[in-house]
Amino acid sequence: MREPAIAFWPGVIKPGVTHEMASTLDILPTIASLAGAKLPPVVLDGFDMKDVLFQNGKSKREVMMFYPTDPNEKLGLFALRLGKYKAHFYTRGATHSSTTPDPDCSVIAVLKAHDPPLIFDLEADPSERYPLPLGGRPDIQAVLAQIKTVKEQFEATMVFGESQISKGVNPDLEPCCTPTCSPKPTCCHC
C-alpha cells in the first residue's frame, strides 16, 4: 500500500500530484470506461478513476479491502481501510515482514484473529505500529461501528471464486524461454 504510481498521457493528463486512494483493481474499470467497453457482469472491487486522472478530482474509492493470499468464505476479509482508518481482523506473518519488530508479523507467525479488530490511524501512523485504544474513546467506537457495517455489507455480497493458487503449478502454462524449440512444452527449459 501507499505505492507511488505514474500516469502519463500527454495533452490529456495534466502534470500534478494527487494523494487520492486508488488501486490496481481500478485499472480495468477505468480502461473499460475510456474505451467505451462493457464490464463483465460480475461485482468488481474497482472504480472508474477518470476524475482523478483528468480533473485531479476525488477518488470514488472510499474503502479498500485487504484479502489474504488464500481467500475463503470462512475468514473473509483480513483488513479494511475506511478513510484514514484501517482495521485488521486477522494478522499473519509473511516473508516480506522479516524486518518488523512485531512478533505477530514474522515469517513464522501464525494466523491470529483480532476481535475487536486492531484499528490504526494511517495519517498519524502510516507504518501501522500503534493500534488505537478502543476503551474510553467514543470517536474510535463510532469508527469501529462504521467499519463493521461496511465489512458485513461487503461480505454479504462477496462471491469467492476458486483459488488459483491452490491449484498448484501446471508446467504446460509456464512461459517458454526457447520459443522456437520443439516439441513443446518438454523442450522449454529456462
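Scroll up a little and you will see the structure.
Structural notes, computed from the coordinates. For clarity, every value in this text was computed on a predicted model and none was experimentally measured.

Here is what the cut-offs are and how they apply
- Residues numbered from 1 in each chain as written.
- Predicted model: local features only at pLDDT ≥ 70, side-chain atom pairs only at ≥ 80, totals over all residues.
- Heavy atoms only, no water.
- Phe/Tyr/Trp six-rings, centres within 6.5 Å; stacked < 30°, edge-to-face > 60°.
- Helix = DSSP H or I, 4+ residues; strand = E, 2+ residues; numbered from the N terminus.
- Buried < 20%, exposed > 50% of the residue type's maximum accessible area, 1.4 Å probe, protein only.
- Lys NZ or Arg CZ within 6 Å of the ring centre and 35° of its normal.
- Arc of directions from axis to C-beta.
- Contact = heavy atoms within 4.5 Å.
- Patch = residues over 30% accessible without salt bridge, like charges linked within 9 Å, V, L, I, M, F, W, Y side chains within 5 Å.
- Areas by Shrake-Rupley, 256 points an atom, 1.4 Å probe, with all protein chains shown as cover.
- Salt bridge = Lys/Arg side-chain N within 4 Å of Asp/Glu carboxyl O.
- Disulfide = S-S within 2.5 Å.

1. A word on the packing of aromatic side chains
For the structure shown, the criterion picks out three aromatic pairs. An angle of 70° between the planes, with centres 5.9 Å apart, marks the rings of Trp-9 and Phe-54 as edge-to-face. You can see Trp-9 sitting in the segment before α1 (27-35) and its partner Phe-54 sitting in helix α2 (residues 50-55), a full 45 residues away along the chain. Judged by relative accessible area, which is 17%, Phe-54 ranks as buried. Pairing Tyr-67 with Phe-154 gives two aromatic rings, centres 6.4 Å apart and planes at 50°, and the pair type is tilted. In this pair, Tyr-67 sits in the loop between β1 (63-66) and β2 (79-82) while Phe-154 sits in helix α3 (residues 138-157), placing the two residues 87 residues apart along the sequence. Judged by its relative accessible area of 16%, Phe-154 is buried. The residue whose ring lies beneath Lys-151 is Phe-89, and the NZ or CZ to ring-centre distance is 4.6 Å.

2. Side note on α1
All of the buried residues along α1 are Pro-29, Thr-30 and Ala-32. Seen end-on, α1 carries its buried residues on one side only, within an arc spanning 165°. Across from the buried face of α1, at angles greater than 90 degrees, the exposed residues are Ile-31 and Ala-35. On the buried face of α1, the contacting elements are α2. The positive-phi residue at the C-terminal boundary of α1 is Gly-36, with phi of around 70°.

3. Some remarks on the environment of Lys-60
Here Lys-60 is to be found in the loop between α2 and β1. Taking the C-alpha atoms as reference points, Lys-60 and Lys-50, 10 residues apart in sequence, are found 9.8 Å from one another. Look past the residues within four positions of Lys-60 in its chain and what remains in contact with it is Phe-47, Asp-48, Met-49 and Asp-51.

4. Overview of the environment of Leu-132
Looking at the element boundaries, Leu-132 is found in the loop between β4 (112-121) and α3. Residues Leu-132 and Ala-87 lie 45 residues apart in sequence; the distance between their C-alpha atoms is 10.0 Å. For Leu-132, the residues in contact, after removing those within four places along its chain, are Tyr-85, Ile-119, Phe-120, Asp-121 and Ile-140.

5. Focus on unusual backbone geometry
Most peptide bonds take the trans form, and the phi angle of most residues other than glycine is negative. With omega at 10°, the peptide bond leading from Asp-115 into Pro-116 counts as cis. Tracing the backbone through its elements, the reader meets Pro-116 in strand β4. The linkage connecting Ser-182 with the following residue, Pro-183, adopts the cis geometry, with an omega of -5°. Considering the arrangement of structural elements, one finds Pro-183 in the segment after α3. A positive phi angle is found at Asn-56, which is not glycine, with a value near 50°. Summarising the element assignment, Asn-56 is placed in the loop between α2 and β1. At Glu-128, a residue that is not glycine, the phi angle is positive and equals roughly 55°. Counting through the fold element by element, Glu-128 comes out in the loop between β4 and α3.

6. Points about a nonpolar patch on the surface
On the surface, a cluster of nonpolar side chains totalling about 330 Å² of accessible area is made up of Leu-28, Leu-39, Val-42 and Leu-44. With respect to the helices and strands, the residue Leu-28 is situated in helix α1. A residue is classified by how much of its surface remains accessible, and Leu-28, at 47% relative accessible area, is partly exposed.

7. Things to note about the state of the cysteines
This structure, assessed with the given rule, holds one disulfide. Each sulfur of the disulfide joining Cys-181 and Cys-187 lies 1.9 Å from the other. What sets the handedness of the Cys-181 and Cys-187 disulfide is the S-S torsion sign, and at about 60° it is right-handed. Residue classification places Cys-187 among the buried residues on the basis of a relative accessible area of 16%.

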